[in-house]
Amino acid sequence: MARKFSFVFVLLAVLLCSPWAEAVELYIMPPAIGKVRNKEKDRHKTELGLILKDKQFKKALRKGIIGFLKRAADQSAGVKIKRAGFNDKFNPEYILIPLLFVDNVISFVDEYGSAEQKLYKGRVYIGLNFLLFQAKSESLVYSAPMLVSVPYLDKTKNFSLEPLAGQIRAAIVEFFTDKKRLKANARNELGKCLADMDYLFSTKACEIKETNLSKGTLKRIRNTDKYKSLAQMLASQALSQEMMVLPAKSRFNAIRRGLHASVSMFGVSFQQGSEKFGFSERDNVYQTSMRMPKPETIYSLTIKTGTKDNDLGPFIERNYTTAAYIQGQGDAIKCIKAVDVTIAKDHISVSDVNFYNSLINALSDLDSCKR
């Protein structure tokens with residue numbers, strides 16, 4: 001009996017001494033919001049800049065991010081999230097730096113209707129990454145790939161993002177305000193990171209390094225580069241519910257610039273290249289080195305597509321099927337979904353839009369996939 005009490009006493013002592021049991025107040029810097037320069041010339045660059053600079057949008061977004069982190073912090077007793085202010089003591093151990101950047105913009109337009117009444121419809125896909133860094137170690141502690149999808153319908157082929165600005169802003173803010181956005185296990189993982197910043201380096205991180213399209217898909221899809229980019233963003237978003245998905249290395253320079261911007265917004269300067277790194281309250285200097293974890297699992301993504309037609313006289317019933325295979329170091333995930341569409345035979349041209357929808361359906365929920 002005495003041994004049992006001794007064991008319980010030791011267990012309680014360990015729990016009380018662990019970082020999980022300590023009361024921790026974490027301060028959040030105002031998040032830097034920016035965009036990555038894509039290798040392809042992005043014709044939406046100017047419009048997107050105006051959308052992201054909206055003051056009310058930034059205010060709502062920052063409030064949403066605080067709430068998003070607070071809900072995750074509630075998973076760990078004693079962890080509190082507060083907005084950092086200039087009057088707060090600048091203790092880098094308890095400062096978190098959020099960063100939201102636009103990773104990619106994919107616009108797709110489909111010609112629709114007869115030649116006399118030509119319309120253009122499609123969607124704009126905006127890929128974003130929400131990253132969270134700890135100031136002291138300058139290490140990434142959380143990563144959430146996001147995808148905003150906005151429908152489009154107009155008479156102009158070369159459309160503008162400007163009419164869609166409100167929908168784009170609302171979709172971005174909704175990611176952080178929707179309480180059902182994160183699954184329970186994903187919320188718990190973020191809660192563990194907030195309770196113990198070293199938790200990241202003992203948890204599972206992954207990266208999607210290669211995206212391949214089948215020969216049939218290469219023939220069917222008009223713009224394969226856009227399709228592959230969308231496929232990788234969708235797969236990253238799906239995997240992020242189970243593990244931390246790292247952004248592509250090609251984005252690291254943009255991430256580093258975002259960190260600098262966020263720190264400068266807080267009121268301190270920064271410098272690079274020094275042998276020493278960290279914070280100096282006396283000199284008000286931030287020296288950055290940006291630590292990114294090494295991925296435990298490297299995934300490859302393979303996409304196969306197919307179509308099947310059923311003639312209905314003046315219409316065609318077409319089935320668009322997409323199979324996505326996510327494979328890496330023993331993991332094999334197979335996701336297959338189809339979209340049935342009725343198409344008028346005088347439709348001007350049938351383009352990629354239904355393959356995009358089928359791809360989204362296939363990678364929307366890994367729980368429905370075979371393993």
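Residues numbered from 1 in each chain as written. Predicted model: local features only at pLDDT ≥ 70, side-chain atom pairs only at ≥ 80, totals over all residues. Heavy atoms only, no water.

1. Comments concerning the state of the cysteines
Piece 1. Evaluation of the coordinates by the stated rule reveals one disulfide.
Piece 2. With its sulfur 2.1 Å from that of its partner, C335 forms a disulfide with C369. In this structure, the disulfide formed by C335 and C369 twists by about 110 degrees around the S-S bond and is classed as right-handed. Of the two residues, C335 is situated in strand β14 (residues 331-344) and C369 in the segment after α9 (353-362); the sequence distance between them amounts to 34 residues.
Piece 3. Note on C369: relative accessible area 11%, which makes it buried. (Disulfide = S-S within 2.5 Å. Helix = DSSP H or I, 4+ residues; strand = E, 2+ residues; numbered from the N terminus. Buried < 20%, exposed > 50% of the residue type's maximum accessible area, 1.4 Å probe, protein only.)

2. Examining the packing of aromatic side chains
Piece 1. For the coordinates displayed, the defined rule picks out 10 aromatic pairs.
Piece 2. Aromatic pair F68 and Y142: ring centres 6.5 Å apart, planes at 50 degrees, arrangement tilted. One end of the pair, F68, is in helix α3 (residues 55-73); the other, Y142, is in strand β6 (residues 139-154), and 74 residues separate them in sequence.
Piece 3. On the accessibility criterion, Y142 (9% relative accessible area) is buried. (Phe/Tyr/Trp six-rings, centres within 6.5 Å; stacked < 30°, edge-to-face > 60°.)

3. Details of the nonpolar core
A general trend in soluble globular proteins is that nonpolar side chains are found buried together.
Piece 1. Ranked by size, the top nonpolar core spans 48 residues in total, and within it L61, F68, F130, Y142, I172, F176 and L194 carry the most contacts.
Piece 2. In terms of residue count, α3 provides more of this core than any other element does, eight residues in total.
Piece 3. The contacts of Y142, once residues within four sequence positions are left out, are F68, F130, L131, L132, L182, L190 and M244.
Piece 4. Core analysis: the next-biggest nonpolar cluster, separate from the first, contains 36 residues, I221, Y227, Y356 and L359 among them. (Core = buried A, V, L, I, M, F, W, Y, C linked by side-chain atoms within 4.5 Å. Contact = heavy atoms within 4.5 Å.)

4. Focus: the pattern of salt bridges
Piece 1. Applying the stated criterion to the full structure yields eight salt bridges.
Piece 2. With a shortest N-O distance of 2.8 Å, D367 and K183 are connected by a salt bridge. Separated by 184 residues along the polypeptide, D367 in the segment after α9 and K183 in the loop between α4 (165-177) and α5 (184-195) bring together distant segments of the chain.
Piece 3. For D367, a relative accessible area of 55% puts it in the exposed group.
Piece 4. Across the pair R318 and D309 runs a salt bridge, and its minimum N-O distance is 2.6 Å.
Piece 5. Judged by relative accessible area, which is 18%, R318 ranks as buried.
Piece 6. Overall, the relative accessible area of 44% leaves D309 in the partly exposed class.
Piece 7. Members of the salt-bridge network, linked through shared partners, are K183, D365 and D367. (Salt bridge = Lys/Arg side-chain N within 4 Å of Asp/Glu carboxyl O.)

5. Here's the deal with empty space enclosed by the protein
Piece 1. According to the stated counting rule, one finds two cavities of 30 Å³ or more in the structure shown.
Piece 2. By volume, the largest cavity amounts to about 160 Å³.
Piece 3. Every element with two or more residues in the lining of the largest cavity is listed here: β6 and α5.
Piece 4. A total of five residues in the lining of the largest cavity trace back to one element, the largest contributor, which is α5.
Piece 5. In terms of residue class, the lining of the largest cavity is made up of eight nonpolar, five polar and three charged. (1 Å grid on protein atoms, 1.4 Å probe; cavity = no way out; pocket = protein on both sides within 12 Å on 5 of 7 lines; lining within 4 Å. Points joined across faces, edges and corners; volume = space filled by probe spheres on them. Nonpolar A, V, L, I, M, F, W, Y, C, P; charged D, E, K, R; others polar.)

6. Looking at the layout of surface pockets
Piece 1. Here the second largest pocket defines a volume of roughly 540 Å³.
Piece 2. Lining the second largest pocket we find 26 residues, and of these L147, R181, Q237, Q241 and S364 sit closest to its centre.
Piece 3. Put simply, the parts of the chain that give the lining of the second largest pocket at least two residues each are β6, α4 and α7 (224-239).
Piece 4. Sort the elements by how many residues they give to the lining of the second largest pocket and β6 lands first, with seven residues.
Piece 5. Among the residues making up the lining of the second largest pocket, the classes are represented as 14 nonpolar, six polar and six charged.

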